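Listed below, chain by chain, are the residues.
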Amino acid sequence: MNELELKNLWQSAHDKLEVSIEMNKKNAEDISRMKVRSLLGSMKPMKILVLLLGAVWVGVGTSLLSQIYLHAFSEANKFFLFSASIQIFLTAIALWVYVYQLITINMVDVSEPVVETQKRLIRLKMSTLWVTRILFLQLPVWTTFWWNESMLADWNLVQWILPVTVTVAFTCASIWLFFNIKYENRNRKWFQLIFNGKEWTPLMKSMELLEQVETREE
Amino acid sequence: MDKQKQQQFFQQIIEQHKGILFKVASTYCPNDEDRQDLIQEIMIQIWQSIHKYNDEYKMSTWLYRISLNVAISFYRKRSVRTRNQAELTKHMDGIIADQDSEKELHLSLLEQFISELKELDKALIILYLEDKSHDEISAIMGISLSNVGTKIGRIKDKLRTRFSQLKA
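Rules behind the numbers
- Residues numbered from 1 in each chain as written.
- Chains lettered and ligands numbered in written order.
- Predicted model: local features only at pLDDT ≥ 70, side-chain atom pairs only at ≥ 80, totals over all residues.
- Heavy atoms only, no water.
- Helix = DSSP H or I, 4+ residues; strand = E, 2+ residues; numbered from the N terminus.
- Areas by Shrake-Rupley, 256 points an atom, 1.4 Å probe, with all protein chains shown as cover.
- Axes fitted to C-alpha atoms, helices over the stretch in contact; angles between N-to-C directions.
- Parallel < 35°, antiparallel > 145°, perpendicular 65-115°, else oblique.
- Left-handed = near helix turned anticlockwise from the far one by under 90°.
- Contact = heavy atoms within 4.5 Å.
- Nonpolar A, V, L, I, M, F, W, Y, C, P; charged D, E, K, R; others polar.
- Salt bridge = Lys/Arg side-chain N within 4 Å of Asp/Glu carboxyl O.
- Buried < 20%, exposed > 50% of the residue type's maximum accessible area, 1.4 Å probe, protein only.
- Core = buried A, V, L, I, M, F, W, Y, C linked by side-chain atoms within 4.5 Å.
- pLDDT = per-residue confidence, 0-100.
- Patch = residues over 30% accessible without salt bridge, like charges linked within 9 Å, V, L, I, M, F, W, Y side chains within 5 Å.
- Expected span 1.5 Å × (residues − 1).
- Phe/Tyr/Trp six-rings, centres within 6.5 Å; stacked < 30°, edge-to-face > 60°.
- Lys NZ or Arg CZ within 6 Å of the ring centre and 35° of its normal.
- Polar contact = N/O pair within 3.5 Å; in protein donor to acceptor, adjacent residues only side chain to side chain.

**Re the overall build of chain B**
Right, so step 1: Scanning chain B for helices and strands turns up eight helices and zero strands.
Right, so step 2: The linear arrangement of helices and strands in chain B, starting from the amino end, is α-α-α-α-α-α-α-α.
Right, so step 3: Approximately 7700 Å² of chain B is accessible, and the part contributed by carbon and sulfur atoms is 47%.

**What about unusual backbone geometry?**
Right, so step 1: Positive phi, normally seen in glycine, also occurs at Asp131 of chain B, with a value near 65°.
Right, so step 2: Relative to the elements of secondary structure, Asp131 of chain B occurs in the loop between helix 6 (119-129) and helix 7 (134-141).

**Some words on the packing of helix 4 (residues 78-107) of chain A against helix 5 (residues 114-136) of chain A**
Residue and element names in this part refer to chain A.
Right, so step 1: Close contact between helix 4 and helix 5 brings their axes to 9 Å; oriented N to C, the two are set at 165°. Taken together, the axes of helix 4 and helix 5 are roughly antiparallel relative to one another. The handedness of the crossing between helix 4 and helix 5 is left-handed. Here Leu90, Ile93, Ala94, Val97, Tyr98, Tyr100, Gln101, Thr104, Ile105 and Met107 of helix 4 lie close against helix 5, whose contacting residues are Arg120, Arg123, Leu124, Ser127, Thr128, Val131, Ile134 and Leu135.
Right, so step 2: Broken down by class, the residue content of the contact of helix 4 with helix 5 amounts to twelve nonpolar, four polar and two charged.

**As for the pattern of salt bridges**
Right, so step 1: For the structure on display, the rule yields nine salt bridges over all chains.
Right, so step 2: As a salt-bridge pair, Lys7 of chain A and Asp131 of chain B come within 2.7 Å of each other at their nearest N and O atoms. Residue Lys7 of chain A is found in helix 1 (residues 3-20), and its partner Asp131 of chain B is found in the loop between helix 6 and helix 7; the two belong to separate chains.
Right, so step 3: According to the relative accessible area criterion, Asp131 of chain B is exposed, its value standing at 55%.
Right, so step 4: Asp121 of chain B is the partner of Lys158 of chain B in a salt bridge, and the nearest nitrogen-oxygen pair spans 3.8 Å.

**Describing the nonpolar core**
In globular proteins that are soluble, nonpolar side chains generally tend to be buried together.
Right, so step 1: One finds Tyr28, Ile46, Leu68 and Met141 of chain B to be the most contacted residues of the largest nonpolar core, which totals 60 residues.
Right, so step 2: Contact partners of Met141 of chain B, with chain neighbours within four places excluded, come to Pro113, Val114 and Val115 of chain A together with Leu68, Leu120, Ala123, Leu124 and Leu127 of chain B.

**A short note on the confidence of the model for chain A**
The predicted coordinates ought not to be read in detail in places where the model reports low pLDDT.
Right, so step 1: Per-residue confidence for chain A gives a mean pLDDT of 83; residues scoring 70 or more make up 79%.
Right, so step 2: Within chain A, helix 7 (residues 157-180) of chain A carries the highest mean pLDDT (94), whereas helix 9 (residues 201-208) of chain A carries the lowest (65).

**Some details on a nonpolar patch on the surface**
All names here are of chain A.
Right, so step 1: A surface patch of nonpolar side chains, about 530 Å² in accessible area, is lined by Trp57, Phe80, Trp142, Phe145 and Trp146.
Right, so step 2: Structurally, Trp57 can be placed in helix 3 (residues 44-71).
Right, so step 3: Judged by its relative accessible area of 46%, Trp57 is partly exposed.

**Quick look at the packing of helix 3 of chain A against helix 4 of chain A**
Residue and element names in this part refer to chain A.
Right, so step 1: One way to put it is that helix 3 packs onto helix 4 with a least axis distance of 9 Å and a crossing angle of 150°. Looking at the two axes, helix 3 sits roughly antiparallel to helix 4. The crossing of helix 3 and helix 4 is left-handed.
Right, so step 2: Each residue belonging to the contact of helix 3 with helix 4 can be placed in one class, and the counts come to 19 nonpolar, eight polar and two charged.

**What about helix 3 of chain A?**
All names here are of chain A.
Right, so step 1: In this model helix 3 runs 40 Å from its N-terminal to its C-terminal C-alpha over 28 residues, within 8% of the 40 Å that 1.5 Å per residue would give.
Right, so step 2: Those residues of helix 3 that fall on the buried side of the exposure criterion are Lys47, Leu51, Gly54, Val58, Gly61 and Leu65.
Right, so step 3: As for helix 3, its buried residues are in contact with helix 4.

**Focus on the environment of Arg35 of chain B**
Residues and elements named next belong to chain B.
Right, so step 1: The topology assignment puts Arg35 in helix 2 (residues 32-49).
Right, so step 2: Arg35 gets classed as buried once you look at its relative accessible area, which sits at 7%.
Right, so step 3: Between the alpha carbons of Arg35 and Leu21 there is a distance of 10.0 Å; along the sequence they are 14 residues apart.

**Concerning the packing of aromatic side chains**
All names here are of chain A.
Right, so step 1: With the rule as written, the count across this model stands at 17 aromatic pairs over all chains.
Right, so step 2: Judged by centre distance (6.5 Å) and plane angle (55°), the ring pair of Phe73 and Phe82 falls under tilted.
Right, so step 3: A relative accessible area of 40% means that Phe82 is categorised as partly exposed.
Right, so step 4: These aromatic residues form a ring-pair network of at least three members: Phe79, Trp146, Trp147, Trp155 and Trp160.
Right, so step 5: The cationic tip of Arg133 hangs over the ring face of Trp130; the distance from NZ or CZ to the ring centre is 4.5 Å.

**Remarks on the confidence of the model for chain B**
Residue and element names in this part refer to chain B.
Right, so step 1: Mean pLDDT over chain B: 80, with 82% of residues reaching 70 or higher.
Right, so step 2: No element of chain B has a lower mean pLDDT than helix 4 (residues 93-96), which averages 43, and none a higher one than helix 7, which averages 95.
Right, so step 3: Note that pLDDT drops below 50 for residues 76-99; the model gives that stretch 58 contacts with residues more than four away or on any other chain.

**As for the environment of Arg120 of chain A**
Residues and elements named next belong to chain A.
Right, so step 1: Tracing the chain through its elements places Arg120 in helix 5.
Right, so step 2: Classification of Arg120 as buried rests on a relative accessible area of 18%.
Right, so step 3: A sequence separation of eleven residues divides Arg120 from Asp109, and the C-alpha atoms of the two residues are 9.3 Å apart.
Right, so step 4: When neighbours within four sequence positions are excluded, Arg120 is seen to be in contact with Thr104, Met107, Val108 and Glu112.
Right, so step 5: A distance of 2.9 Å separates the side chain of Arg120 from the backbone oxygen of Met107, its partner in a polar contact.

Spelled out as structure tokens, the structure:
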């Protein structure tokens, strides 16, 4: 089939299509009057909510921990103090990524060239992977914050088996996830399980485009 | 532009260029219900971007960018909005029902072969089949002119191969 035949075929199909389209004018009117939100925009409220909750958590946490460091360091339970500090620090980093995402969502302009817009969306996706990686790094500190110095002195080996096993397992899992949550593993079942949900769907979709966009720039 | 003029301009654009929306939507969404969702999403994006339109580009270039960007990235099967949708009815029956003629058969094969292409290749082939110049395709896609020629050449070869495989 030559070029002309292909184009004629395509054109004839869509000529028929256009004639048969019953374009409801009311549809265009409705959209121009409704306060509608686009699919990408629909991600914003969730991100803003997470950002606000995270900011409160980090704010309150930083304030409490600062008081302990400044006024009660010697009496404080160091396990709790250092675990909580690491947790708050990692959450704060994740929040900055959320801020970056909100800025990027606002900057996405669908009337820009296709490849450029897709690249921006892919960068958005990449940053989402970073949030998840950072948050998973927190796993071990959730298992150590309740330890204390008297446990070190009083517990025997058997008593330590369970908490140490849990902490080691969480540490291994968090390090493994930190290094393995990446684009190359997007088709793995565990990956799709983690990134399954309304918030992730558009980003998962744009992830599939990465290879195509890259080949367009060869 | 005041709100009322913007509304009139929007309705005028949709009326005059609805073919672009439907062609893009029908290429990316074979399923009728999904296609209606996609068309609505494209219209919403056009409405939300209308204040940014400038006549530096042709209206069709601007609309193709929006339609293709939405079709490629934003679309997903489950709509998250409250369904306040007007019915956009498309009657394909007459087009594909009668597959007796060779033309109709070729047409459904072409649609099938295009549906097998990757997202960005679909965009390129739509623009090529719509007889857009390489300059305009380059402006819509944001790739170099030489890349446009190369990529379209490869896609055409793929389609030709698929058709010739059937004849063989």
